[in-house]
Each structure stands twice: as structure tokens, then as C-alpha cells.
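An overview of the molecular structure
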There are 2 protein chains.
Amino acid sequence: MSFDRLIKKIIETKNPSVAGLDPDIMQIPAFIRESAIREYGETFEAAEQMLIVFNTALIDALYDIVPAIKPQAAFYEMYGWHGVRALKYTIDYAKSLGMFVITDAKRGDIGSTMDAYAKGHLGTTKIGRSEHTAFGADALTVNAYLGSDAIAPLSEICKAQDKGVFVLCKTSNKSSGELQDIDVSGRTIYETMGDLCETWGEGTDSEYGYSHIGAVVGATYPQQLSDMRKRLPHTFFLVPGYGAQGGGAADVAGGFDENGLGAIVNSSRGIMYAYKKQGRPEEEFAQAARAEAIRMRDEITSMIGLK
Amino acid sequence: MSFDRLIKKIIETKNPSVAGLDPDIMQIPAFIRESAIREYGETFEAAEQMLIVFNTALIDALYDIVPAIKPQAAFYEMYGWHGVRALKYTIDYAKSLGMFVITDAKRGDIGSTMDAYAKGHLGTTKIGRSEHTAFGADALTVNAYLGSDAIAPLSEICKAQDKGVFVLCKTSNKSSGELQDIDVSGRTIYETMGDLCETWGEGTDSEYGYSHIGAVVGATYPQQLSDMRKRLPHTFFLVPGYGAQGGGAADVAGGFDENGLGAIVNSSRGIMYAYKKQGRPEEEFAQAARAEAIRMRDEITSMIGLK
């Protein structure tokens, strides 16, 4: 009923960052793509194989130094149910190596439907008299445009099964301000959403002071990130926008508390395709990803007080 | 690049309603559940079989009188990739009988990710040199909390492949007002979102005057629905909240224009579980669903000017 499990993992690895796994098969190393197509033809089966080979190698290269992965659901759904099966494989594999898994699906719906998403992505689903795990992530990103109805069923499952959610507050993209920055009597929509996170998380126990309701606040808006850290003392942050989207270590520093906790920073393309930036042969994509993860870790921890 | 295909289907069937397919396997007829468990045990395979048997029978009973189905993604994802495979089966089967398919997934993300959702749910995905259809729905519900970035990639695919999206404006649930009703200088957030729909849909050709950008406006707020109809002359409405959620025919009437067009009303539980309300044996669930769909059609069309 808090983010303690994730925080312990961050302290253990001394690394407040998460590797985003959003693989686009047209961008992954050609030898993985070609080998799968040779075996399965140009099919969704081949795409599934590519996702599994690519993700498995990345997880093997990262699991001892990076506390968490964040698969982005869209990049699996685009390959149909085969892609979704690769998502489940990825979640299971990362968990088997002790990583914390955040499914980035940005789900949001009315109560009865949100209950189905909560069971599917975080909890268990009843079939006959037994319970089964559909995806079994540790945390889920959530869109609360529909209000509290969208959060209540998630909170229940988070409390019962020690899971967490990250509610979208201030996202990292360029047009995020169109709705999120609107000022309502001296308070923006993203601040309003953040205040709701504090309310929804009330009354939960945590060794580190952070409830099970976290918030997404982008690295591309460093002042807002820093203000939100002060405004929301019990809300753990997932910070996208580092790396390929333009955010640097100085930009994310304000998202952390005085102990160097309170946030986890995501990099997806920066880690997945590090071999391109490093000019290394594509066969070394996993080692390149590890090198970039270490560089990112050191850059961020040098700016904050994480011990 | 408009909702003309859906509107033609509505005129052909003289029915502006859509059957929501959100099956919960603990609520469907017991004989379907028990038969699948006998064959596959208490497994996700069994759940997939239940979804397919239930949906196929409903589609068979409805396709000649109901223009569209609206599967709710959560109720498939909760059964893992097997459930997602049943979603694809359902979409394909309904399309093969000429129905228009609206996937209710409420997706919303930054540009590059939204492009992946757009390809997956509406368009096609490239594998090697060929294009493949992951889900292939005709329309998708979308959450635009992230702003225009979330809409641009969808618009592109809608224009190229004659698809549509429904953007969440005023949802049907109780707590929808927490965010959506906030007043910003004389305009609510849901009105702001609706105005954006008009902007995003500008410059599209349509025989009936409605662009490819539609809006979700709930039946449970009839005054707002009626006001939004007048405010957004080029935005086609998907209207949830009829039936089980409490909305009646008088509540939805204001969502239609003077020709009885401009909106499609959804009923999910009211149609799927009609046999319970009608007190008929569960073996007659499909006939009961057809009877309810006819009752709903006649009730709604009696209130509007659809010819």
C-alpha cells in the first residue's frame, strides 16, 4: 500500500531511474529483425519474437543496476495479441530477476471498467473459483480525466496486493499545457490533479512517507517538477522526458526530496538505442544500453543526495 | 475522413444505437461458462472461449438491426493476451457482417506513442516490408488530457483510412465533474475539450457535416448533452450512460440534430444481460438482447426525427 518496495529497490541499486521498454521493431538492431523474419516470415509472430529477444537481452544487461522497467503498452498492442503476449513475457521475465515493473498504459475509465483494468494489469482475474494473473505489473500509469471513480477500484487492489499507480499530472510533451496548465482560481489543472493524488493517498502506511498514489510529472518542465515536489510531500513521482525528449540531470534534480528519494526518472529511447548514439555495432546494443544506464545513474545521483 | 460510414449504417438500420460488448465472464449465462471450463479448465483459454461464444451469438442476433458494436478493451485485457485475442476475433466477426466497430479503449499518450496506438487499433503495422492489421477497428475512443499531441497521429490515420475517433468530453460517471466541470473564464473543461474537437476536425469533407473527430458526451447529463449538440455542429457524439447507468430516451434526445443524426447511443449491460431483466431462461440471452435492442431503438427513434 505504498511505493516502499520500489524505494527499497532504488536504495539497493543506488539508482533512481527506470528503463522504458517501448521497442519499435523498425528501430531495433537489424540482425534481430531479420532473424525473426527468416524464422516466421513477415508476421506478428515474428514481431513477438523480436520484442522478446530484444527485451530479454536488455533486461539481462540492466537488472542488477537498474531497479525497474517501464514497458509502454502501445508498443506491444501495435503488434496485436502477439505483441500483448510479448508484454506479458517481458513483465514476467523482469520480475523473475527482481525488477519492479511499471506498465505505462495510461488507463482511465468509469468505476466498473477501471476495476477490470485494475484486475488485469495489477491484480488477478477470477475464472470459475480460481484467481489468475493476466499481466501482474507492480504499478500502472493512470489518466484521471474521469475523476475519483477512476481511482477507487485501483486503490483497493493497490492496498490488498501492495501495488501502486502513477496518475498523469504534468506530462512531458509539448502540448501538455493546453489543458494541464489552465489556471483555475490560482491553481492549474495539473496542480489540482496533484492535490487529488495527495488526497487519494491519505491514510496509507509507508516507511518513507510516500503513498501508493504516485504522479507523472515530466522532466521537460523542471520548474513545475520542483514546485510539485514541494507541493506534494507524500506523492512519489514518475518522471518521463529525460534523454531523447530533451530533459537532463539538472532538469530532474528538483523532483527529488532531501534524501534523494521521491522520484524515478525514465529513459526509453536513450537506453534502448544507446548503441546508435555511441556508434557501436548493433550486436553490442545490450552493452551499450548498460553503459548508458550507468552514465544516466551517475549523472542523476551526482545531483541529488541519495545515499 | 468523417463519420459518414457510420451515419450511412445508422440510416440503413434506422437505429442510432450501439451495442456495448463488455462481457464479464462471471455474469454471462452459466452454461457458456461451464462448457468452456469443462473443455479448458479454469484458464484464460476458457475465458477466451466464453468471450467468443457469447459475443458471436450476440452479434448474430443484432447485426441486421444494430449498426455498430463497442467492445470495451478493459473487459478483454483482464483475461490477458487470450482476452485480447478474443477482442480481435470479435472485431473481425462484427466487421464481416457489416457492423461498424468502435473500440472503447480511451487511449491517450504523447505523439510517438499515440502513433503506435493509432496504428494498432485503427491502422496497420509495418513488419519488414509489409503492412498488417493488429485490431482494425473503425473508430477509437481517446483521452486528450495530454493535448493536441495525442490527436495529430490519429487524425493522419483517420484521414488516410477513413476512420474516426471519439474524444472524451463529458463522461457519464458520477465523479466526471471533478475535473470536467471546472469553469475557466466562463467555459468548462468539457466545453473546452469539445471546442478543441471542432478545431481538430476542421477541413474534413462529410456528406452529413460531421468530421472524423467525435466526442463522448454522457446520457446521464442531458442538459449538457443538449447544450453540447448546439455548441459543436460538426462533432458526432458517442453517448454512453443509457440503460444500466440510468439514462433514458428523453435524456439522450438532446444529443441529436434536427435530422435525427449526430449521435449514437450505447447500451452495454442493458443489452448483454437483457435475459435477466426479462426473466427469460439464460439459453435465450441472444433473443433477449435482440428484443432489448429493438425496444431501445424504437424508444429512441420515437423521440427524434430520424427518417
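Relevant structure appears above.
This one's a predicted model, so the numbers in the text were calculated from it and none came from an experiment.

1. Some points on the interface of chain A and chain B
Each side of the interface is counted separately: chain A has 69 residues, and chain B has 69 residues. Carbon and sulfur atoms supply 62% of the area buried between chain A and chain B, which totals about 5,700 Å² over both sides. The interface formed by chain A and chain B includes six salt bridges. With a shortest N-O distance of 3.1 Å, Arg 107 of chain A and Glu 77 of chain B are connected by a salt bridge. Joining chain A to chain B, the criterion identifies 37 residue pairs in polar contact (both at pLDDT 80 or more). If you tally residues by element for the side of chain A that touches chain B, the top one is helix 6 (residues 111–121) of chain A, at seven residues. Residue classes in the side of chain A that touches chain B are distributed as 31 nonpolar, 23 polar and 15 charged.

2. Let's talk about the sheet that holds strand 6 (residues 139–142) of chain B
All names here are of chain B. Pairing in this closed barrel of eight strands is parallel, and the strands run 1-2-3-6-7-10-11-12 around the ring. This sheet shows a mean twist of 30 degrees between the axes of neighbouring strands, independent of strand direction. Where strand 10 (residues 213–217) and strand 11 (residues 237–239) come together, two bridges link them in parallel fashion. From the neighbouring strand, Val 216 faces strand 11, where its bridge partner is Leu 238. Together, strand 3 (100–107) and strand 6 form the strand contacts of helix 6 (residues 111–121), whose direction differs from that of strand 3 by roughly 155 degrees.

3. Remarks on the relation of the copies chain A and chain B
Once turned by 180 degrees and shifted 0.0 Å along the axis, chain A lies on chain B with an RMSD of 0.0 Å. The superposition of one copy onto the other is thereby described by a two-fold rotation axis. When you check the interface residues of chain A against chain B, 100% turn up at the interface there too, and the contact is symmetric in its surfaces.

4. Overview of helix 5 (residues 80–96) of chain A
Taking 1.5 Å of rise per residue, the 17 residues of helix 5 of chain A would be expected to cover 24 Å, and the 25 Å separating its terminal C-alpha atoms lies within 8% of that figure. Those residues of helix 5 of chain A lying buried are Gly 80, Trp 81, His 82, Gly 83, Val 84, Ala 86, Leu 87, Lys 88, Thr 90, Ile 91 and Ala 94 of chain A. Looking at the buried side of helix 5 of chain A, the elements it contacts are strand 1 (17–21), helix 3 (44–62), strand 2 (68–71), helix 4 (74–77) and strand 3 (100–107) of chain A together with helix 5 (80–96) of chain B. Two residues or fewer after helix 5 of chain A comes Gly 98 of chain A, characterised by a positive phi angle close to 85 degrees.

5. Comments concerning the pattern of salt bridges
The final tally for this structure, using the stated rule, is 44 salt bridges over all chains. Arg 295 of chain A serves as the salt-bridge partner of Glu 299 of chain A, at 3.6 Å between the closest nitrogen and oxygen. With Glu 299 of chain A and Arg 295 of chain A both in helix 14 (residues 285–301), this residue pair falls four residues apart, about one helical turn. Of the residues examined, Arg 295 of chain A reaches a relative accessible area of 39% and is grouped as partly exposed. Among the charged side chains, a network of salt bridges with common partners joins Lys 70, Asp 104 and Lys 106 of chain A together with Asp 109 of chain B.

6. With respect to the side chain of Lys 170 of chain A
Residue and element names in this part refer to chain A. Mapped onto the elements, Lys 170 comes out in strand 7 (residues 164–170). The exposure class of Lys 170 is buried, given its relative accessible area of 0%. Polar side-chain contacts of Lys 170 include one of 2.9 Å to the side chain of Ser 176. Not counting the four nearest positions on each side in its chain, Lys 170 is found in contact with Ser 176, Gly 177, Gln 180, Asp 181, Tyr 190, Val 216, Val 217, Gly 218, Tyr 221 and Gln 224.

7. Some remarks on unusual backbone geometry
With glycine set apart, most residues show a phi of negative sign, and most peptide bonds adopt trans. Residue and element names in this part refer to chain B. With a phi angle near 45 degrees, Lys 106 is a residue other than glycine that sits in the positive phi range. Owing to a relative accessible area of 7%, Lys 106 belongs among the buried residues under this scheme. Positive phi is not limited to glycine here, since Ser 185 has a value of about 50 degrees. Of the residues examined, Ser 185 reaches a relative accessible area of 75% and is grouped as exposed.

8. Re the packing of helix 6 of chain A against helix 7 (residues 152–161) of chain A
All names here are of chain A. Between helix 6 and helix 7, whose axes approach to 8 Å, the crossing angle comes to 30 degrees. In this view, helix 6 runs roughly parallel relative to helix 7, as classed from their interaxial angle. Judged by the sense of rotation from one axis to the other, the crossing of helix 6 with helix 7 is right-handed. Within the contact between the two elements, helix 6 uses Gly 111, Met 114, Asp 115, Ala 118 and Lys 119 and helix 7 uses Pro 153, Leu 154 and Ile 157. In the contact of helix 6 with helix 7, the residues fall into five nonpolar, one polar and two charged.

9. What to know about the packing of aromatic side chains
Applying the stated criterion across every chain, the model contains 15 aromatic pairs over all chains. Their ring planes at 50 degrees and their centres at 6.3 Å tell us that Phe 31 of chain B and Phe 285 of chain B sit as a pair that is tilted. Of this pair, Phe 31 of chain B sits in helix 2 (residues 30–40) while Phe 285 of chain B sits in helix 14 (residues 285–301), and the two are 254 residues apart along the sequence. When its relative accessible area of 5% is taken as the criterion, Phe 285 of chain B is described as buried. Seen from their ring centres, Tyr 210 of chain B and Phe 236 of chain B are 5.6 Å apart, and the 85 degrees between their planes marks the pair as edge-to-face. Linking Tyr 210 of chain B in the loop between helix 9 (189–200) and strand 10 with Phe 236 of chain B in the loop between helix 10 (222–231) and strand 11, this pair joins segments that are 26 residues apart in sequence. Sitting over the ring of Tyr 273 of chain A, Lys 276 of chain A keeps its end group 5.0 Å from the ring centre.

Procedures and definitions
- Every residue gets a number counted from 1 within its own chain, in the order that chain's sequence is written.
- In the order they appear in the text, chains get letters beginning with A and ligands get numbers beginning with 1.
- Residues qualify for local features only when their pLDDT is at least 70, as the model is predicted, and side-chain atom pairs are given and counted only at 80 or more; totals for whole chains, interfaces and linings, by contrast, use all residues.
- Water and hydrogen atoms play no part in the side-chain values, which are based on all heavy atoms of the structure.
- Two residues qualify as a contact provided that any one of their heavy atoms is within 4.5 Å of a heavy atom in the partner residue.
- The term buried area refers to how much accessible surface (probe radius 1.4 Å) is lost by two components on association, counted for both of them together.
- Between Lys or Arg on one side and Asp or Glu on the other, a salt bridge is scored when a side-chain nitrogen of the former is within 4 Å of a carboxyl oxygen of the latter.
- Side-chain atoms alone can form a polar contact between residues adjacent in sequence; in general such a contact is a pair of N or O atoms within 3.5 Å, and within protein one must be able to donate a hydrogen while the other accepts it.
- Runs of E in the DSSP output that reach at least two residues are strands. Runs of H or I that reach at least four are helices, and both are numbered from the N terminus.
- Three residue categories are used. Nonpolar comprises Ala, Val, Leu, Ile, Met, Phe, Trp, Tyr, Cys and Pro, charged comprises Asp, Glu, Lys and Arg, and polar comprises the others, including Gly.
- Strands qualify as paired when DSSP identifies two bridges or more between them.
- Axis angles are defined between N-to-C directions and span 0 to 180 degrees, where every axis is a line fitted to C-alpha atoms and, for a helix, only to the segment in contact.
- Copies overlap after least-squares fitting; the atoms used are the C-alpha atoms of residues with pLDDT of at least 70 in both.
- In this analysis, the expected span of each helix is defined as 1.5 Å times one less than the number of residues it contains.
- With a 1.4 Å probe rolled over the protein chains alone, any residue whose accessible area is under 20% of its type maximum counts as buried; one over 50% counts as exposed, and the rest are partly exposed.
- Angles are sorted into four bins: roughly parallel if under 35 degrees, roughly antiparallel if over 145, roughly perpendicular if 65 to 115, and oblique for all others.
- A crossing counts as left-handed when the near helix is turned anticlockwise from the far one by less than a right angle, and as right-handed when that turn is clockwise.
- Note on aromatic pairs: the rings of Phe, Tyr and Trp (six-membered ring only in Trp) are paired at centre separations within 6.5 Å, and the planes decide the class, stacked below 30 degrees, edge-to-face beyond 60, tilted for the rest.
- By definition here, charges over rings are those cases where NZ of Lys or CZ of Arg is within 6 Å of the ring centre and within 35 degrees of the ring normal.

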